[in-house]
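For reference, the chains in residue letters:
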Amino acid sequence: MKILQIKDIIRKDVPIYYRRHFSGIAVMEVLSKSIERRVDFMIETKPTGAKEISLSVSDPVDYPLAPLLKELKNFVINLDDAGGLPG
């Protein structure tokens, strides 16, 4: 299983400045087949500077959910660190 990209990312307005909500479409390669699933995620910056990611996949996936969520969280963290999320 590999996360290829998250496309059509939209930032949702949230009145709390240390929380950022996003939605998009995750493109994944599962068992040599490319699939797309809608995802919603939130990045919360703690007072220590650490980032906490909350993530949910809206559509059902024929793959174990725990490793999928772990890979998606890592992808989101890397995307945020690289400045790839809408401001």
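In this text the structure is predicted, and so the values were computed from the model without any measurement.

Overview of the environment of valine 61
Turning to step 1, where the next piece is worked out: Take valine 61: it is sitting in the loop between strand 4 (51-57) and helix 1 (65-81).
Turning to step 2, where the next piece is worked out: For valine 61 and glutamate 36, which are 25 residues apart along the polypeptide, the C-alpha to C-alpha distance reads 9.5 Å.
Turning to step 3, where the next piece is worked out: When residues no more than four places from it in sequence are discounted, the contact partners of valine 61 are Ile35, Arg37 and Leu68.

Notes on the environment of arginine 19
Turning to step 1, where the next piece is worked out: Following the sequence through the fold, arginine 19 ends up in strand 2 (residues 19-30).
Turning to step 2, where the next piece is worked out: We classify arginine 19 as partly exposed; its relative accessible area is 29%.
Turning to step 3, where the next piece is worked out: For the pair formed by arginine 19 and isoleucine 53, sequence separation is 34 residues and the distance between their alpha carbons is 9.9 Å.
Turning to step 4, where the next piece is worked out: Engagement of the side chain of arginine 19 in a polar contact is seen with the side chain of glutamate 44, the distance being 3.4 Å.

Overview of the pairing of strand 3 (residues 33-45)
Turning to step 1, where the next piece is worked out: Bridging between strand 2 and strand 3 involves 12 bridges; their strand directions are antiparallel. Along strand 3, the bridge assignment pairs arginine 20 with isoleucine 43.
Turning to step 2, where the next piece is worked out: Connecting strand 2 to the antiparallel partner strand 3 that follows it, the hairpin turn spans two residues, and leucine 31 within it adopts a positive phi of roughly 50°.
Turning to step 3, where the next piece is worked out: Pairing analysis gives seven bridges linking strand 3 to strand 4, with the strands arranged antiparallel. Counterpart to threonine 45 in the pairing with strand 4 is lysine 51.
Turning to step 4, where the next piece is worked out: Taking the residues between adjacent antiparallel strands as the criterion, strand 3 and strand 4 are bridged by five residues, where glycine 49 takes a positive phi near 95°.

Some remarks on the packing of aromatic side chains
Turning to step 1, where the next piece is worked out: In the structure shown here, the tally under the stated rule is two aromatic pairs.
Turning to step 2, where the next piece is worked out: Between tyrosine 17 and tyrosine 18, the ring centres sit 5.5 Å apart and the planes meet at 90°, which makes this aromatic pair edge-to-face.
Turning to step 3, where the next piece is worked out: In this structure tyrosine 17 comes out as exposed when scored by relative accessible area, which is 75%.
Turning to step 4, where the next piece is worked out: A ring pair is formed by phenylalanine 22 and phenylalanine 41, whose centres lie 5.3 Å apart and whose planes are at 25°; its orientation type is stacked. Taken together, the residues phenylalanine 22 in strand 2 and phenylalanine 41 in strand 3 connect sequence positions 19 residues apart. Pair check on accessibility: phenylalanine 22 and phenylalanine 41 agree, each one buried.

What about the sheet that holds strand 2?
Turning to step 1, where the next piece is worked out: Pairing is antiparallel across the open sheet formed by four strands, whose spatial order is 1-2-3-4. Of all the strands in the sheet, just strand 1 (2-12) and strand 4 have a single pairing partner and so form its edges. With strand direction ignored, the average angle separating the axes of adjacent strands in the sheet is 30°.

Cut-offs applied
Residues numbered from 1 in each chain as written. Predicted model: local features only at pLDDT ≥ 70, side-chain atom pairs only at ≥ 80, totals over all residues. Heavy atoms only, no water. Helix = DSSP H or I, 4+ residues; strand = E, 2+ residues; numbered from the N terminus. Contact = heavy atoms within 4.5 Å. Buried < 20%, exposed > 50% of the residue type's maximum accessible area, 1.4 Å probe, protein only. Polar contact = N/O pair within 3.5 Å; in protein donor to acceptor, adjacent residues only side chain to side chain. Pairing = 2+ DSSP bridges. Phe/Tyr/Trp six-rings, centres within 6.5 Å; stacked < 30°, edge-to-face > 60°. Axes fitted to C-alpha atoms, helices over the stretch in contact; angles between N-to-C directions.

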